[in-house]
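Working through the structure, step by step
Listed below are the residues making up each chain.
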Amino acid sequence: MIDRIPQPTSQRMTVSKFYEMAPLLNMNPEAQRLPVEVNSDEKNQSIIASMMEGVSIGQITIHEVDQSTSSKKFKYESVDGGHRCRAIFGYKTNKFPLGSHLGKNYEGKFYCQLSEEDRNYFDSIILIFTIYVGLSARQLRKVFTRINTSDHINHQEGLNAAGSALIAKFVRETVRYMGSDIDNTPHMLFEENGASGRKKREAVFMRDINKRLSYDRLVARIFCVVLNGNKPTGCDDLELEDMYDREYDKSELVLAKNKV
């Protein structure tokens, strides 16, 4: 039997309508928070410039959150396209100006500085949302990896998409600071300098920075060894997938985290 994922629905909405819906959407869920990169505004500016030129930015995939297990702060969370959502919302709220993509007449202009005609055009741009409901952590991972086949995501990036699965949270939060809403304390081994997004990142104790979730993969494999009874094992890709998909008792994972 094929493990079929429930069919999603599709919804078209204008930028203006998206702006109204945005408070209900978690655009930066824990499963998509990657290590901070330098010059993130450049990517934001490129996204907005493409939209202003009439270029489609592709479908945005979101998941309706199970309200019984969530904080109920959000109705939806991003699965793929969170950066695009943050860029659109950020530009609408004057968080960054346009870059040089559209020429000197537009360079440096915030949304509030656009002409009425340009603001109306931007607000009327159609965004396409694909909406899934009731997916498990395993299914969320599958959707993310299938969507990103052309982007060459690595194995750990796929595992990281396991939403709020407790093992995924423990791995991430051991390695990376996830933000003030979570306010975790990563292990000091993985400390980095210059992680503000403005300076080049440098590892303090490790040989290199957490590129493509390399630290996450290391810690995931250590978790795998501990959860397998400390037996000598390489914890290959299939073993890691099994670990991320398994249902654990929270106390078991807390004990494993302490050992890790």
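Anyway, here's the lowdown on the structure attached to this text. (Residues numbered from 1 in each chain as written. Predicted model: local features only at pLDDT ≥ 70, side-chain atom pairs only at ≥ 80, totals over all residues. Heavy atoms only, no water.)

A few words on the pairing of strand β5 (residues 126-133). Bridge count for strand β1 (residues 9-14) against β5 is 6 bridges, and the pairing is antiparallel. Counted as the bridge partner of Ser10 is Thr130 from β5. The sheet contact formed by strand β3 (residues 60-64) and β5 spans 5 bridges and is parallel. The residue bridging Ile62 from the neighbouring strand is Ile131, located in β5. (Pairing = 2+ DSSP bridges. Helix = DSSP H or I, 4+ residues; strand = E, 2+ residues; numbered from the N terminus.)

Enumeration over the complete set of coordinates arrives at 12 salt bridges. A salt bridge links Asp245 to Arg138; its shortest N-O distance comes to 2.5 Å. Of this pair, Asp245 sits in helix α9 (residues 237-245) while Arg138 sits in helix α5 (residues 137-147), placing them 107 residues apart in sequence. Relative accessible area serves as the criterion here: at 23%, Asp245 is assigned to the partly exposed category. (Salt bridge = Lys/Arg side-chain N within 4 Å of Asp/Glu carboxyl O. Buried < 20%, exposed > 50% of the residue type's maximum accessible area, 1.4 Å probe, protein only.)

Attention now moves to the environment of His83. With respect to the element layout, His83 can be found in helix α3 (residues 82-92). Separated by 59 residues in the primary sequence, His83 and Lys142 have C-alpha atoms spaced 20 Å apart.

Helix length check: helix α8 (residues 214-227) (14 residues) gives 20 Å between terminal C-alpha atoms against 20 Å at 1.5 Å per residue, within 8%. The complete set of buried residues in α8 reads Tyr215, Asp216, Val219, Ala220, Phe223, Cys224, Val226 and Leu227. On its buried side, α8 packs onto α6 (155-160), α7 (166-175), β6 (192-193), β7 (202-203), α9 and α10 (250-259). Just past α8, the residue Gly229 takes up positive phi, approximately 80°. (Expected span 1.5 Å × (residues − 1). Contact = heavy atoms within 4.5 Å.)

Reading across from one edge, β1-β5-β3-β4-β2 is the order of the 5 strands in this open sheet, with mixed pairing throughout. Single-partner strands in this sheet number two, and they are β1 and β2 (25-26). Two strands pair when backbone bridges link them, and β3 and strand β4 (residues 76-80) are joined in this way by 4 bridges, in the antiparallel orientation. Residue pairing for β4: Glu64 is matched across the bridge by Tyr76. Sheet contacts for α3: β2, β3, β4 and β5; angle to β4, the most-contacted strand, approximately 120°. Where α5 meets the sheet, it contacts β3, β4 and β5, and its direction lies at approximately 40° from that of β4. (Axes fitted to C-alpha atoms, helices over the stretch in contact; angles between N-to-C directions.)

None of this, on its own, says anything about what the molecule does.
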